[in-house]
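# Analysis of the macromolecular model
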Amino acid sequence: MVVLPFPYLGGFVAAATSTSNVSSSRPSVVNIGAIFTFDSVIGKVAKIAMEEAVKDINANTNILHGTKLVLHMQTSNCSGFDGMVQALRFMETDVVAILGPQSSVVAHIISHVANELRVPLLSFAATDPTLSSLQFPFFVRTTLSDLYQMAAVAEIIDHYGWKEVIALYVDDDYGRNGVSALDDALAARRCRISYKAGIKSGAEVDKGEITNLLVQVALMQSRVIVLHVHSNSGFMIFNVARYLGMIQEGYVWIATDWLSTVLDSSSLPSETMDVLQGVLVLRQHTPDSDKKRAFFSRWNKLTGGSLGLHSYGLHAYDTVWLVAQAVDAFFSQGGVVSCTNYTSLHDDKGSGLNLDAMSIFDNGTLLLNNILKSNFVGLTGPVKFQPDKSLVRPAYDIINVVGTGMRRIGYWSNYSGLSIVPPEILYAKPPNRSSANQQLSSVIWPGETLSKPRGWVFPNNGKQLRIGVPIRVSFREFVSPVQGTDMFKGFCVDVFIAAVNLLPYAVPYRFVPFGDGHQNPSYTELVRLITTGYFDGAIGDIAIVTNRTRVVDFTQPYAASGLVVVAPFKKINSGGWSFLQPFTPLMWTVTACFFFFIGIVVWTLEHRINDEFRGPPKQQIITIFCYTASLTSILTVQQLSSPINGIDSLKASNEPIGFQVGSFAERYLSEDLGISKSRLVPLGSPEAYAKALQLGPNNGGVAAIVDERSYVEIFLSTQCTFRIVGQEFTRSGWGFIMCQLWHSAPSESASNVSPIQRFLSLIDEKEDPSRSGRRKRNGEERSLEDQMGRQPKRIQTETTAEFKSNN
């Protein structure tokens, strides 16, 4: 049997047989406890700060009014078990409140004890956001929650335009719950954690495991790393990262306030500072004030400069004052220190655990209420609680480690976001969180560069997307393979690569050729291979048509291209007298009569006042002939003649029609327009186009060719005897296609969005909405805009819904 040493110290319970002990006046002494790790970075400073706070309180006659404040300290050694034991020891005494613990892990355990025994627990260093006031009503956080710190980190990441980060955290309540808050904050800004990994805490940290972890991280695409750990594991990570070449240009390291706590409290050796160059660090912001400056001067005298004062030390000092003022108000309201035995742990068998010593603070709720109503200005600024029991005006300093010290580049506050102006100045102005108002000073990044890192590289371990690319035989200006390589070139490839290069993250892909190289491949078959998973996507001159949108997702069109009719034409040059050809003898007679009649009228009116109508008859005849010559030159025109006037006349005839091999035009002409397939002639190149049109329908050629405008314009650029007749009778375009199954459901969070989805989003954002098409000729091949209620949205919205409704 294990016997826990819980000796009775007296105070809360006067005797084993007594159920309560009431003091009717202010006691001469009031006891408070403190649980934290004495030899930790936070504990060393907090211990001195709290002792100084007790001295200041007892020396001040305006508080407690004669009652002496006594602080009892116990170390928890960062152990949940040790912390629980020390808490139970305090519960056997007459302490009215417990300060600490600094560890979130210990705080979770002790908070259950504080709730049961109604003793306020005030932590100046436990930042785990899940330590909520609902679950633990007697837990009061007198520092800032990591909920705010992670919001600051997320805004920094979003400010620099990074979309994916890697999070390394200590694998305990503090680390896990902090990173969970970061995940939520990033998702709200359409960013995400692409990879996260936990690290053992305390003495269990293994350098080999950290090395293996960082090697894995180095192979990933994101170069933005958020480090939310303890100091012992944090410095080991930085040392290994430097050894692996990860503290250099291109990387971004963001450390939470664990690092600023160490940097503020001690002077690190130069070799340690070298591995921290360019790191961004957060530190809890405390406004500058005369009181704070005086305390710093006093601190330097106390420690001789051997120990620096960090923000947690300031919060520890203010926490003691907070309790003292709440106790003073408690006594002023008639509160008394009394307790009742905790009968739930009554020990009938005499196990030696001394459980009868556990007692409930009868007026603990009254003291808690006074704590939450506190409102004063301390070393950390205003000490006041919001309805959720969090401190008002949360803010952080954003620091850049440079050289042998730190350089503040700005601030973050929950009030106005990122700024280069101290938050206390902005509190006097209306809040402004516009993107133009979010500012930070320049940063010296790892590698001693001022250029903002891109934040990602192409990963070495990522799965490459298989992007199908058609091997065209004709119109190779749009897409064609580069001989001797596995790359492609052309307009469509250039658009794809330009879009990928604009992405703020890596999209690993490789081009996979499609087709035999002897004739243009079937784009319908290309679409089918995407739906089967053989290809992850496809690029090229791929027309967006209805039957394809039912099974795959398209980007919005990056090039407009509808179907047109190309036919041969003849030039008819009209002479100077061609305008006389339609005239009949009767028309000539009437015209002559009118000519003489109008001439006499004009001559009669103009003869007396217009010199041009005077003189000999010869001069007047010359004037008439000049007018006739001018009219003749104006009427001399070139007429173009073609037996085909457009798609309607072509459809009504029985003559053969040419189309490009692999084009959707064949299906459209036969199925949508009802033209017999026997009339359709496949043609594979611009040369075949020209030959078929020159031969004509009576000599084994075609009467006209139906193809997309983009191809036709290139064809006509070298041909002068053919032209487009009629109007463009479909409105569509070219787009890149992706399989619908790659897309997440609309209910999924932004952190689960696939790279393909984000690529499609980028294309949509860059797309000019003026390219949206209109309704096609007969309602079957309508534009994407028409199909979706004339809203220029990405076609995946409707097609994904249709795909799901069919399953």
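Residues numbered from 1 in each chain as written. Predicted model: local features only at pLDDT ≥ 70, side-chain atom pairs only at ≥ 80, totals over all residues. Heavy atoms only, no water.

Attention shifts here to the overall build of the protein chain. Regarding its fold elements, the protein chain presents 25 helices and 33 strands. In the protein chain, once contacts between residues fewer than 6 apart in sequence are set aside, the share between residues at least 24 apart is 72%. Taken as a whole, the protein chain presents about 37100 Å² of accessible surface, with 55% of it coming from carbon and sulfur. (Helix = DSSP H or I, 4+ residues; strand = E, 2+ residues; numbered from the N terminus. Contact = heavy atoms within 4.5 Å. Areas by Shrake-Rupley, 256 points an atom, 1.4 Å probe, with all protein chains shown as cover.)

Turning our eyes to something else, we now look at the packing of helix α4 (residues 146–159) against helix α5 (residues 173–187). When two helices pack together, their arrangement is given by the angle between their axes and by how far apart the axes lie. At a minimum axis separation of 8 Å, α4 and α5 run at an interaxial angle of 45°. Taken together, the axis directions place α4 and α5 in an arrangement best described as oblique. Between α4 and α5 lies a crossing whose hand is right-handed. Across the interface between the two elements, Asp146, Leu147, Met150, Ala151, Val153, Ala154 and Ile157 from α4 touch Tyr174, Gly178, Ala181, Leu182, Ala185 and Leu186 from α5. Taken together, the residues that form the contact of α4 with α5 break down as 11 nonpolar, 1 polar and 1 charged. (Axes fitted to C-alpha atoms, helices over the stretch in contact; angles between N-to-C directions. Parallel < 35°, antiparallel > 145°, perpendicular 65-115°, else oblique. Left-handed = near helix turned anticlockwise from the far one by under 90°. Nonpolar A, V, L, I, M, F, W, Y, C, P; charged D, E, K, R; others polar.)

For the rest of this paragraph, the subject is the environment of Thr365. Looking at where Thr365 falls in the secondary structure, it is placed in helix α12 (residues 364–372). Overall, Thr365 belongs to the partly exposed group, its relative accessible area being 41%. It is 8.2 Å that separates the C-alpha atoms of Thr365 and Pro120, two residues lying 245 residues apart in sequence. (Buried < 20%, exposed > 50% of the residue type's maximum accessible area, 1.4 Å probe, protein only.)

It is worth spelling out α5 at this point. Taking 1.5 Å per residue as the helical rise, α5 with its 15 residues ought to reach 21 Å, and the 21 Å between its terminal C-alpha atoms agrees with that figure. Residues Tyr174, Gly175, Asn177, Gly178, Val179, Ala181, Leu182, Asp183, Ala185 and Leu186 constitute the buried set of α5. Each element contacted by the buried residues of α5 is listed here: α3 (104–117), α4, β6 (164–170), β7 (192–199), β8 (224–228) and α8 (257–265). (Expected span 1.5 Å × (residues − 1).)

Moving on to the sheet that holds strand β4 (residues 121–123). Spatially, 5 strands are ordered β2-β1-β3-β4-β5 in an open sheet, and the strand pairing comes out parallel. Because the sheet does not close on itself, it has two edges, and the strands there are β2 (68–75) and β5 (139–141). Neighbouring strand axes in the sheet, compared pairwise and without regard to direction, differ in orientation by 25° on average. Pairing between β4 and β5: 3 bridges, direction parallel. Counterpart to Leu121 in the pairing with β5 is Phe139. Those strands touched by helix α1 (residues 41–58) are β1 (29–36), β2 and β3 (95–99), and its axis lies near 165° from that of β2. Packing against the sheet, helix α2 (residues 80–91) makes contact with β1, β2 and β3, and its axis sits at approximately 175° to β1. (Pairing = 2+ DSSP bridges.)

As a further point, take the confidence of the model for the protein chain. For the protein chain, per-residue confidence averages 82 on the pLDDT scale, and 80% of positions sit at 70 or higher. A low-confidence stretch, residues 1–24 (pLDDT under 50), is modelled with 58 contacts involving residues beyond four sequence positions or located in other chains. Predicted confidence for residues 740–756 stays below pLDDT 50, and this span has 34 contacts to residues more than four positions away or in other chains. (pLDDT = per-residue confidence, 0-100.)

Across the 6 residues of strand β18 (residues 465–470), 6 count as buried, placing the element largely inside the fold. What you see with β18 is no split at all: Leu465, Ile467 and Val469 on one side and Arg466, Gly468 and Pro470 on the other are buried throughout. Pairing between β18 and strand β21 (residues 509–514): 6 bridges, direction parallel. Across the sheet, residue Leu465 finds its bridge partner in β21, namely Tyr509. Examined bridge by bridge, β18 and strand β22 (residues 537–538) share 2 bridges and lie parallel to one another. Note that in β22 the partner of Gly468 across the bridge is Ala538.

Attention now moves to the sheet that holds strand β16 (residues 405–413). By way of backbone hydrogen bonds, the strands of a sheet pair with one another, either parallel or antiparallel. Taken in spatial order, the 8 strands line up as β7-β6-β8-β9-β10-β15-β16-β17 in an open sheet, and their pairing is mixed. Edge strands, defined here as strands with exactly one partner in the open sheet, are β7 and β17 (417–419). Adjacent strand axes in the sheet meet at a mean angle of 25°, parallel and antiparallel pairs treated alike. In this structure, β6 lies alongside β7, joined through 7 bridges in parallel fashion.

Moving on: a nonpolar patch on the surface. The grouping of Leu586, Val590, Phe594, Phe597, Ile598, Val601 and Leu605 at the surface amounts to a nonpolar patch, some 710 Å² of accessible area in total. One can find Val590 in helix α17 (residues 585–606). (Patch = residues over 30% accessible without salt bridge, like charges linked within 9 Å, V, L, I, M, F, W, Y side chains within 5 Å. Salt bridge = Lys/Arg side-chain N within 4 Å of Asp/Glu carboxyl O.)

Let us look at the pattern of salt bridges. Tallied over the full model, the rule gives 22 salt bridges. Across the pair Arg283 and Asp397 runs a salt bridge, and its minimum N-O distance is 3.4 Å. On the criterion of sequence distance, the pair formed by Arg283 in strand β10 (residues 280–284) and Asp397 in strand β15 (residues 395–402) is long-range, its members being 114 residues apart. With respect to class, Arg283 is no different from Asp397; both count as buried. When the shortest N-O distance is used, the salt bridge between Glu713 and Arg709 registers 3.9 Å. Linking Glu713 with Arg709, this pair stays in helix α22 (residues 709–716), spanning 4 residues, or about one helical turn. According to the relative accessible area criterion, Glu713 is partly exposed, its value standing at 47%. Residues joined by salt bridges that share partners form a network here, namely Glu52, Lys55, Asp56 and Arg298.

Okay, the packing of aromatic side chains next. Within this structure, the stated rule accounts for 31 aromatic pairs. Centre to centre, the rings of Phe488 and Phe511 are 6.0 Å apart; their planes meet at 90°, and the pair counts as edge-to-face. Highlighted residues: Phe488 in strand β20 (residues 488–489) and Phe511 in strand β21, separated in sequence by 23 residues. Of the two residues, Phe488 and Phe511, both sit in the buried class. One aromatic cluster in this structure is built from Phe475, Phe478, Tyr689, Tyr711, Phe715, Phe722 and Trp734. In this structure, Arg393 packs its charged tip against the face of Tyr427, placed 4.4 Å from the ring centre. Cation over ring: Arg466 sits above Tyr534, and NZ or CZ is 4.7 Å from the ring centre. (Phe/Tyr/Trp six-rings, centres within 6.5 Å; stacked < 30°, edge-to-face > 60°. Lys NZ or Arg CZ within 6 Å of the ring centre and 35° of its normal.)

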